[in-house]
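# An overview of the molecular structure
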Amino acid sequence: MGILEKIADIEREISKTQKNKATEYHLGLLKAKLAKYRVQLLDPGKTAAKGEGFDVMKSGDARVALIGFPSVGKSTLLNKLTNTHSEAGAYEFTTLTCIPGKIEYNGANIQLLDLPGIIEGASAGKGRGRQVIAVARTADLIMIMLDATKSETQKELLETELEAVGIRLNTRMPNVYFKIKTGGGISFNATCKLTMLTEKMVQHILHDYRIFNCEVLIREDITVDQFIDVVLGNRKYIRAIYCYNKVDSVTIERVDELARTAYTVVMSCELDLNMDYLVETIWKNLALLRVYTKKRGEYPDFEGGLIIRAGSSIEHVCHAIHRSLVAEFKYALVWGRSAKHNPQRVGLSHFVENEDVIQVVKRR
């Protein structure tokens, strides 16, 4: 029996099993086996022949991947937002490879990737789905294109395909400390009450992955699936926005309902509706900051500016200017939101905010 057949059997058993207190333990073990087989499916080993990929070099300050079913408007959106031409047509599978474009916004260069449409079963390799999802794992933000004229099933199917390959959308990594050791058995502790997980279940899941010596410290109430994600350690936690195209073809009540859903933008590529808000939403979800540099005795350089990630420190700013600057760093002067008073003298560990002005002073 192949891996796909084993996965299908376990999924069938999970769907048939009633979900209650008595079956929680059995379902937990089934989910652990399912995750194990899915990892084997995605990473068959060195002996497997390599398929033809279409990943492109990462460029710019951030990467956004466009994912959706065929003929939902991905190529049209790329043409509207960037200066790149991607073939768009009224028939399915117009795009057969990865086409990159560039959005310029707030001084940042954001790489937008138009990926081929995926179909149901993409996580198992159907329709070049594995290559598409492999590119999506390298993105800083996933933009899921949906057709407003179709049912919500399309959204659920895309989420299921991404979930099957270890992409977790709009969630954070569970607050769990997990470390494999060379001896001492399994040490299990929890700092809160666990309602969906037991120590016995944890031990059986670890034994299923042939882990017999490790330390586990759970700091929040998590599910079996979340614990399996921690054990595997290869999950990608990526922010996502759901982009509903063709809203000009549905009622205003439907548009209002969709617009009020979390992480959602409604738009129309054909009529250029809400495109500005879409780009603004992309910027906010990427959590990028723009800071300005200043030389001693001169005005700040407001024309240029540096694009950095939210939560960056002065050390990251120094690396963005030049990689040798940290070795020569003495202190920095900061004007802006992050400063208690203007200017504030700070060290490398000071965290910057959006539109701060920074003057770096080097050792003599």
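As a starting point, this report considers the structure included with it. (Residues numbered from 1 in each chain as written. Predicted model: local features only at pLDDT ≥ 70, side-chain atom pairs only at ≥ 80, totals over all residues. Heavy atoms only, no water.)

## Let's talk about the nonpolar core
To keep it simple, the criterion reads: Residue types Ala, Val, Leu, Ile, Met, Phe, Trp, Tyr and Cys, when buried and joined through side-chain atoms within 4.5 Å, form a set referred to as a nonpolar core. Exposure categories follow from relative accessible area, calculated using a 1.4 Å probe and restricted to protein chains: below 20% of the type maximum is buried, above 50% is exposed, and the middle band is partly exposed. Only heavy atoms matter for contacts: two residues are in contact if any of them lie within 4.5 Å across the pair.
In this structure, Leu-77, Ile-142, Met-143, Ile-167, Leu-278 and Ile-282 are the most contacted members of the largest nonpolar core, which totals 57 residues. Among all residues touching Ile-167, those that are not within four sequence positions of it are Ile-133, Ala-136, Arg-137, Ile-142, Leu-162, Lys-236 and Ile-238. Core analysis: the second largest hydrophobic core is formed by 22 residues, Val-176, Phe-188, Ile-228 and Val-231 among them.

## Examining the packing of aromatic side chains
So the rule is basically this: In this analysis, rings of Phe, Tyr and Trp, with Trp reduced to its six-membered ring, are considered paired at centre separations within 6.5 Å, and the interplanar angle assigns stacked below 30 degrees, edge-to-face beyond 60, and tilted for intermediate values. Secondary structure elements are defined from DSSP: runs of H or I of at least 4 residues count as helices, runs of E of at least 2 residues count as strands, and each element is numbered from the N terminus.
The full count for this structure, using the stated rule, is 2 aromatic pairs. Look at Tyr-105 and Trp-283: their rings are 5.8 Å apart centre to centre, the planes differ by 65°, and that puts the pair in the edge-to-face class. With Tyr-105 in strand β2 (residues 99–105) and Trp-283 in helix α9 (residues 275–286), this pair connects stretches of sequence that are 178 residues apart. Given the relative accessible area of 24%, Tyr-105 is considered partly exposed.

## Here we look at the sheet that holds strand β15 (residues 357–362)
What counts is decided by this rule: Pairing between strands is defined by DSSP: at least two bridges between the two strands are required. Orientation is described by axes fitted as lines to C-alpha atoms, over the contacting stretch for helices, and by angles from 0 to 180 degrees between their N-to-C directions.
The strand order across the open sheet formed by 5 strands is β12-β11-β15-β13-β14, and the pairing between neighbours is mixed. Single-partner strands in this sheet number two, and they are β12 (306–309) and β14 (344–346). Here the strands of the sheet are splayed against their neighbours by 40° on average, with no regard to which way each runs. One ladder, built from 6 bridges, connects strand β13 (residues 329–335) with β15; its direction is antiparallel. Note that in β15 the partner of Phe-329 across the bridge is Lys-362. Set on the sheet, helix α10 (residues 314–321) makes contact with β11 (288–293), β12, β13, β14 and β15; between it and β12 the angle comes to about 135°.

## Observations concerning the sheet that holds strand β7 (residues 186–190)
Spatial strand order, β6-β8-β7: 3 strands in an open sheet with mixed pairing. Of all strands in the sheet, those bounded by a partner on one side alone are β6 (176–180) and β7. Each strand axis lies, on average, 5° off the axis of its neighbour in the sheet, ignoring direction. Relative to β7, helix α6 (residues 199–208) is tilted by about 140°, and along the sheet it contacts β6, β7 and β8 (214–218).

## Concerning the packing of helix α3 (residues 74–81) against α9
The test is simple: Each angle receives one of four descriptions, namely roughly parallel if under 35 degrees, roughly antiparallel if over 145, roughly perpendicular if within 65 to 115, and oblique otherwise.
Direction vectors running N to C along α3 and α9 enclose 90°, while the axes themselves pass 12 Å from each other. Here α9 runs roughly perpendicular to α3, going by the angle between their axes. The segment α3 lies against α9, with Leu-77, Lys-80 and Leu-81 engaging Met-275, Leu-278 and Val-279.

## Side note on the packing of α6 against helix α7 (residues 224–232)
Heads up, the condition is: Note on convention: near helix rotated counterclockwise from far helix by under a right angle means a left-handed crossing. Clockwise means right-handed.
Their axes nearest at 11 Å, the elements α6 and α7 cross at an angle of 40°. Judged by the angle between their axes, α6 and α7 are oblique. In terms of crossing hand, the pair formed by α6 and α7 is right-handed. Side by side, α6 and α7 meet where Met-201, Val-202, Ile-205 and Leu-206 of the first sit next to Val-224, Phe-227, Ile-228 and Val-231 of the second.

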